[in-house]
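So the chains spell out like this:
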Amino acid sequence: MTPFTTLTGIAAPMPLVNIDTDMIIPKQFLKTIKRSGLGRNLFDEMRYTPDGAEIPEFVLNQPAYRTAEILVAGDNFGCGSSREHAPWALLDFGIRCVISTSFADIFYNNCFKNGILPIVLPAGQVEALMEDARKGANARITVDLATQTVTASDGRSFSFEVDPFRKHCLLNGLDDIGLSLEKAASIDAYEKRAAVQRPWV
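Just so we're clear, the structure is a prediction, and the values are computed from it rather than from any experiment.

J.: Now, about the overall build of the protein: what can you tell me, with residues and values included?
T.: A tally of helices and strands in the protein yields 8 helices and 7 strands. If you line up the protein on its principal axes, its C-alpha atoms span 65 × 45 × 25 Å. The buried share of the protein, reckoned over its 201 residues, is 45%. Pairs at least 24 residues apart make up 65% of the contacts formed inside the protein by residues separated by at least 6 positions. Approximately 10,300 Å² of the protein is accessible, and the part contributed by carbon and sulfur atoms is 55%. Each charge class in the protein was averaged separately, 20 positive and 24 negative side chains, and the resulting centres sit 6 Å apart.

Take a look at the structure:
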């Protein structure tokens, strides 16, 4: 997993509330178990017409936001089903951070496991960042995980809370497999002892 330290990038404003996981990645794209390739279908039903043409009004189709790395979204982002494909699709598109007033619990947890930082801020601060994001590609937001701050393009800075263990995992690029591999020496030692003590296993 790619570590998350400091991110300075374009933020796309998505003021909709209750953006659910089916809106993020519709069910017809859940057949794959690969984490790559889903970005092209991120927000598919809002992003494309039924015949596959881009909808120009959708924020990620606008030239200023095609390379957005941050989403500033409305309340209750990631609600609905628990599909892990939702953070996979966001990450494959290039989104590393989502800022909202609240998230659905399972989606929130899945973000951390896939290298995305979900940030919860009060409504007034989210609205301030939303307005900043509306300035387009010239307005870049900086997210610093080490100091737990979000800084708008005009210099205003907001502090956010994050669980220390999850922060450690993101800063060091550790997913569940990476955490297990940190114990590789102990696991190997256990396996060697077990082979001697219980050779019939």
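J.: So what's going on with the pattern of salt bridges? Which residues, and what values?
T.: Tallying each qualifying case throughout the model produces 6 salt bridges. Ionic pairing is found between R156 and D154, a salt bridge with its closest N-O pair at 2.8 Å. The class of D154 is partly exposed, set by a relative accessible area of 42%. Several salt bridges converge on common partners, so that one network encompasses E127, E131 and R134.

J.: Give me the side chain of Q148: which residues, what numbers.
T.: The residue Q148 is located in the loop between β5 (140-144) and β6 (149-151) in this model. If near-sequence neighbours (up to four positions away) are discounted, Q148 is found in contact with F158, S159, F160, E161, V162 and K167.

J.: I'd love a proper account of the pairing of β5, names of residues and values included.
T.: Where strand β1 (residues 6-14) and β5 come together, 5 bridges link them in antiparallel fashion. Bridged to G9 within β5 is I141. Of the pairings in the sheet, the one linking β5 to β6 comprises 3 bridges and is antiparallel in character. Within the sheet, the bridge partner assigned to V143 lies in β6 and is V150. Hairpin connection of β5 to β6: 4 residues between the antiparallel strands, including Q148 at a positive phi of 55°.

J.: Go over the side chain of S100 with me, naming the residues and quoting the values.
T.: Position of S100 relative to the elements: it lies in strand β3 (residues 97-100). You can call S100 buried: its relative accessible area is 0%. Not counting residues within four places of it along the chain, the set of residues in contact with S100 comprises A73, G74, D75, N76, F77, I119, V120, L121 and V126.

J.: Report on the packing of aromatic side chains, specifying residues and quantitative values.
T.: Enumeration over the complete set of coordinates arrives at 6 aromatic pairs. Ring geometry for F77 and F103: centres 6.2 Å apart, planes at 75°, overall edge-to-face. One end of the pair, F77, is in the loop between β2 (70-73) and α3 (85-93); the other, F103, is in the loop between β3 and α4 (105-113), and 26 residues separate them in sequence. Residue classification places F77 among the buried positions, given a relative accessible area of 0%. We classify F103 as buried; its relative accessible area is 10%. With a centroid separation of 5.8 Å and an interplanar angle of 45°, the aromatic rings of F103 and Y108 are classed as tilted. The burial state of F103 is the same as that of Y108; both residues are buried. Clustering of aromatic rings is evident, with ring pairs tying together F77, F103, F107, Y108 and F112.

Cut-offs used in this document
- Residues numbered from 1 in each chain as written.
- Predicted model: local features only at pLDDT ≥ 70, side-chain atom pairs only at ≥ 80, totals over all residues.
- Heavy atoms only, no water.
- Helix = DSSP H or I, 4+ residues; strand = E, 2+ residues; numbered from the N terminus.
- Buried < 20%, exposed > 50% of the residue type's maximum accessible area, 1.4 Å probe, protein only.
- Contact = heavy atoms within 4.5 Å.
- Areas by Shrake-Rupley, 256 points an atom, 1.4 Å probe, with all protein chains shown as cover.
- Lys, Arg positive; Asp, Glu negative; His and termini not counted.
- Charge placed at Lys NZ, Arg CZ, Asp CG, Glu CD.
- Salt bridge = Lys/Arg side-chain N within 4 Å of Asp/Glu carboxyl O.
- Pairing = 2+ DSSP bridges.
- Phe/Tyr/Trp six-rings, centres within 6.5 Å; stacked < 30°, edge-to-face > 60°.

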